[in-house]
Amino acid sequence: MNVEYVNPFLSSLVNVLGTMANTKIVPGQPRLKKDEQARGEVSGLIGMIGPTTKGSFSVTFEESLALEIMSRMLGEKPDSINEEVTDMVGEITNMVTGGAKRILGEKGHEFSMATPVVVSGKGHTITHKTTGAKILMPFDSDFGKVFIEVSFDE
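Note on numbering: residues in each chain are counted from 1, in written sequence order. This being a predicted model, a pLDDT of at least 70 is required before a residue's local features are given, and a value of 80 or more before pairs of side-chain atoms are given or counted; all residues contribute to the totals for chains, interfaces and linings. Note: side-chain values were computed over all heavy atoms of the structure, leaving out hydrogens and water.

K.L.:
I keep staring at a negative patch on the surface and nothing clicks. Help me out?
P.N.:
Patch criteria: residues need more than 30% relative accessible area and no salt bridge. Like-charged residues are merged within 9 Å; nonpolar side chains of Val, Leu, Ile, Met, Phe, Trp and Tyr are merged within 5 Å. Here, Shrake-Rupley sampling with a 1.4 Å probe gives the accessible areas, and only protein chains in the shown set may cover a residue. Here a salt bridge means any side-chain nitrogen of Lys or Arg lying within 4 Å of a carboxyl oxygen belonging to Asp or Glu. The charge count includes Lys and Arg as positive and Asp and Glu as negative, but it does not include His or the ends of the chains. Where a charge lies is defined by one atom per residue type: Lys uses NZ, Arg uses CZ, Asp uses CG and Glu uses CD. The grouping of Glu 76, Glu 83, Glu 84, Asp 87 and Glu 91 at the surface amounts to a negative patch. Going along the chain from the N terminus, every DSSP run of H or I of four or more residues is numbered as a helix, and every run of E of two or more is numbered as a strand. Considering the arrangement of structural elements, one finds Glu 83 in helix 3 (residues 83-106).

K.L.:
Hey, could you run me through the packing of helix 1 (residues 3-21) against helix 3 in this one?
P.N.:
The angle between the axes and the distance between the axes are what describe a pair of packed helices. Whenever a helix is involved, its axis is fitted only over the stretch in contact; in every case the axis is a line through C-alpha atoms, and angles between N-to-C directions fall within 0 to 180 degrees. Interaxial distance between helix 1 and helix 3 falls to 8 Å at its minimum, and their mutual angle equals 130 degrees. Judged by the inter-axis angle, helix 1 sits oblique to helix 3. The handedness of the crossing between helix 1 and helix 3 is right-handed. On helix 3, the residues touching Glu 4, Tyr 5, Pro 8, Phe 9, Ser 11, Ser 12, Leu 13, Val 16, Leu 17 and Met 20 of helix 1 are Ile 92, Met 95, Val 96, Thr 97, Gly 99, Ala 100, Ile 103 and Leu 104. Side-chain classes are defined by residue name, with Ala, Val, Leu, Ile, Met, Phe, Trp, Tyr, Cys and Pro counting as nonpolar, Asp, Glu, Lys and Arg as charged, and the others, Gly among them, as polar. Grouping the amino acids of the contact of helix 1 with helix 3 by side-chain chemistry returns 13 nonpolar, 4 polar and 1 charged. Roughly parallel means an angle under 35 degrees; roughly antiparallel means over 145; roughly perpendicular covers 65 to 115; every other angle is labelled oblique. Left-handed describes a crossing whose near helix is turned anticlockwise from the far helix by less than a right angle; the clockwise case is right-handed. Contacts between residues were defined by any pair of non-hydrogen atoms, one from each residue, lying within 4.5 Å.

K.L.:
Sorry if this is basic, but what is going on with the environment of Thr 93 here?
P.N.:
Here Thr 93 lies in helix 3. The sequence separation of Thr 93 and Lys 33 amounts to 60 residues, and the corresponding C-alpha distance is 19 Å. Residue contacts for Thr 93: discarding those within four places in its chain leaves Gly 44, Leu 45, Ile 46, Phe 57, Val 59 and Pro 116.

Okay, here's the thing in structure tokens:
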């Protein structure tokens, strides 16, 4: 997969969480993802389509980090993942994809975004409707981990 497609999502996630939630995340080692198992408890998934390619992006939060971000963004910290938390994850998914779309557009890669879908629960799965490799990028924070997955048709 073209790294030019992946990096805008990485930088956009760092920017969104740093700006909107005052939360610093530190990137780990990217790797190919071979299964559909989510690495956390709540995920936002969004599809993208353009004239030359289609892709899929997901962001998955461990529960502890999702609840901390909720507290930092909205001033309330629920005891567990609820509807407000899943709505927030959907909004973060939109913001990250929108930021990546802007960066990719500046490089001549145009695409439209679908409406994000949010899934929660231990052991949930994420299915990317693309033919390309799935890149999994973990990030650490003081409050838990967040993982992004990016896949584009080859």
